[in-house]
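In case you want the letters, here they are:
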Amino acid sequence: MSQHPKTNYEPPFNITRASHLVFTARDLALSKKFYTEVLGLVVSDETEDTVWMHGVEERCHHSLTLKKTRGEPVCERVGFRVFSDKDLTRAKAHFDRVGVESRFVEVPYQGRTLHVSDTAGTPLELVATQQTHNRTQTLTHTHKGAAALRMDHYQVLVPDVSVAAQFYLDLGFRISDYAVVGDDKVVAIFMYRKDNPHDMVFLQRSGPRFHHFGYMVQEMHHVVRALDIAGNLGFGANMEHGPGRHGGGHSYYIYMRDPDGHRVELLLPATQIIDIDDEPMRYQVKPGINTNLWGLPPPRSWFEETTPLAGAKITSPAVQGEPFSLEKYLFARQPQAAE
Ligand SMILES: [Fe+2]
């Protein structure tokens, strides 16, 4: 049995969950249309150059912020909630103590906000409070698209999963699943602070690069409705992968690309994980493994295309595996020519 990285069960401060993202976008009106009409996010506020949105179950002011850019669209910040402002004070003291640069910044609609980067170079944002409003999850007559409920998790590609993960495990993140090549090389890790399998997921590829974020939806018919609307509004080709079920058995899913190529997953409520004896599940990576239990694996774009993380320096892993893509899967299934 391999030795996966270990969780620090007495972390220096209390991170509670993956909570919010800041992206840049080239056409704010088009992106707003995608996220409101297809995903069903609700606009909290907007200016000429920024749109703040949230899911229908969220009381927070924003789980997704889009800022207008004329340059390459990027992910500016990957946000996590801490429980209280005291945790931000503890976080600053912790990062000072271990020699990691961090600084408090002013962010609209948010309380005290601490910026720091993880070991891999992912630009993070820690916050305890935002402005709040009432939930609208029961106001079904106002819902659009998938009526996305809430931000759930992120996936980031990194060249060394174990090194990148240790930053989070030291801060109390637990492991739901991990995958190894050979005896002990960890190439994928699912880590969480809330009660489901994922707040932050790392996969081994060149990085750090932002792969996708996931919004939870209530039921499968919300996904179907989102795809129907996407087709009607000219976003049909934005569907990249799915529907499928993750190999870990946690959730149904689809992946879409927004107008700038930022990848968003819609998923149904995932397995609950809380108990101390609910220990990490280990998976052995084998050649030709298919992560979709329903057959069709992701296309090459899913493995290769990502959102740049602002300011991050990209490095490659020592060994890069070749993914089992949809293109390979279909090629192998081509009918043999008749004699
Ligand atoms: Fe995901």
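Everything below is about the structure shown above.
Analysis parameters
- Residues numbered from 1 in each chain as written.
- Predicted model: local features only at pLDDT ≥ 70, side-chain atom pairs only at ≥ 80, totals over all residues.
- Heavy atoms only, no water.
- Phe/Tyr/Trp six-rings, centres within 6.5 Å; stacked < 30°, edge-to-face > 60°.
- Helix = DSSP H or I, 4+ residues; strand = E, 2+ residues; numbered from the N terminus.
- Buried < 20%, exposed > 50% of the residue type's maximum accessible area, 1.4 Å probe, protein only.
- Contact = heavy atoms within 4.5 Å.
- Donors = N, O, S within 2.8 Å, 3.2 Å for Na, K, Ca; no water.
- 1 Å grid on protein atoms, 1.4 Å probe; cavity = no way out; pocket = protein on both sides within 12 Å on 5 of 7 lines; lining within 4 Å.
- Points joined across faces, edges and corners; volume = space filled by probe spheres on them.
- Nonpolar A, V, L, I, M, F, W, Y, C, P; charged D, E, K, R; others polar.
- Patch = residues over 30% accessible without salt bridge, like charges linked within 9 Å, V, L, I, M, F, W, Y side chains within 5 Å.
- Areas by Shrake-Rupley, 256 points an atom, 1.4 Å probe, with all protein chains shown as cover.
- Salt bridge = Lys/Arg side-chain N within 4 Å of Asp/Glu carboxyl O.
- Lys, Arg positive; Asp, Glu negative; His and termini not counted.
- Charge placed at Lys NZ, Arg CZ, Asp CG, Glu CD.

Student: I'd love a proper account of the packing of aromatic side chains, names of residues and values included.
Tutor: Scanning the model with the defined rule gives 22 aromatic pairs in all. Each ring, one from tyrosine 154 and one from phenylalanine 210, has its centre 6.2 Å from the other, and the planes form 55 degrees; the classification is tilted. A residue pair is termed long-range when its members are at least 10 positions apart, and tyrosine 154 in strand 9 (residues 150-158) and phenylalanine 210 in strand 13 (residues 209-216) qualify at 56 residues. Note on accessibility: tyrosine 154 and phenylalanine 210 belong to one class, buried. With 5.2 Å between their ring centres and 85 degrees between their planes, tyrosine 168 and phenylalanine 173 make a pair best called edge-to-face. Exposure remark for tyrosine 168: the relative accessible area of 1% places this residue in the buried category.

Student: Could you give me a rundown of the environment of alanine 25, with the residues and numbers involved?
Tutor: When you line up the elements, alanine 25 lands in strand 1 (residues 15-25). Measuring from C-alpha to C-alpha, the distance between alanine 25 and arginine 70 comes to 8.1 Å, with 45 residues separating the pair along the chain. Alanine 25 has contacts with Ser31, Lys67, Lys68, Thr69 and Asp260, leaving out every residue within four places of it along the chain.

Student: Can you break down the coordination of the iron ion residue by residue, with the values?
Tutor: Donor atoms from the polypeptide that bind the iron ion are His153 (NE2), His212 (NE2) and Glu265 (OE), placed at 2.0 to 2.1 Å. Relative accessible area serves as the criterion here: at 3%, histidine 153 is assigned to the buried category.

Student: If you had to explain the layout of surface pockets to someone new, which residues and values would you point to?
Tutor: In this model, the largest pocket occupies a volume close to 1200 Å³. Residue lining of the largest pocket: 43 residues in total, with Ala188, Leu203, Val285, Ile289 and Thr291 positioned closest to the centre. For the lining of the largest pocket, the elements supplying multiple residues, two or more each, are strand 9, strand 10 (174-181), strand 11 (185-192), strand 12 (200-204), strand 13, strand 15 (252-257), strand 17 (281-284) and helix 5 (300-304). In terms of residue class, the lining of the largest pocket is made up of 20 nonpolar, 17 polar and six charged. Looking at the second largest pocket, its volume works out to about 450 Å³. As for the second largest pocket, its lining consists of 23 residues, of which Arg17, Glu57, Arg135, Arg150 and Lys194 are closest to the centre.

Student: Which residues make up unusual backbone geometry, and what values go with them?
Tutor: Geometrically, the link from glycine 207 to proline 208 is a cis peptide bond, its omega value of 15 degrees lying close to zero. Inspection of the secondary structure puts proline 208 in the loop between strand 12 and strand 13. Cis geometry is found at the peptide bond from glycine 242 to proline 243, where omega equals 0 degrees. In this fold, proline 243 is placed in strand 14 (residues 239-245). Unlike most non-glycine residues, tyrosine 109 shows phi in positive territory, near 65 degrees. Within the fold, tyrosine 109 resides in the loop between strand 6 (102-105) and strand 7 (113-117). Using a relative accessible area of 25% as the deciding quantity, one classes tyrosine 109 as partly exposed. Unlike most non-glycine residues, alanine 147 shows phi in positive territory, near 45 degrees.

Student: Could you give an account of helix 3 (residues 161-170), naming the residues involved and the relevant values?
Tutor: When helix 3 is considered as a whole, its buried residues turn out to be Val161, Ala164, Ala165, Phe167, Tyr168 and Leu169. Positioned one or two residues after helix 3, glycine 172 has a phi angle of 95 degrees, which is positive.

Student: Provide a residue-level description of a negative patch on the surface, including the pertinent values.
Tutor: On the surface, a cluster of negative charge is made up of Asp275, Asp277, Asp278 and Glu279. By the secondary structure assignment, glutamate 279 is in the loop between strand 16 (263-267) and strand 17. A relative accessible area of 55% places glutamate 279 in the exposed class.

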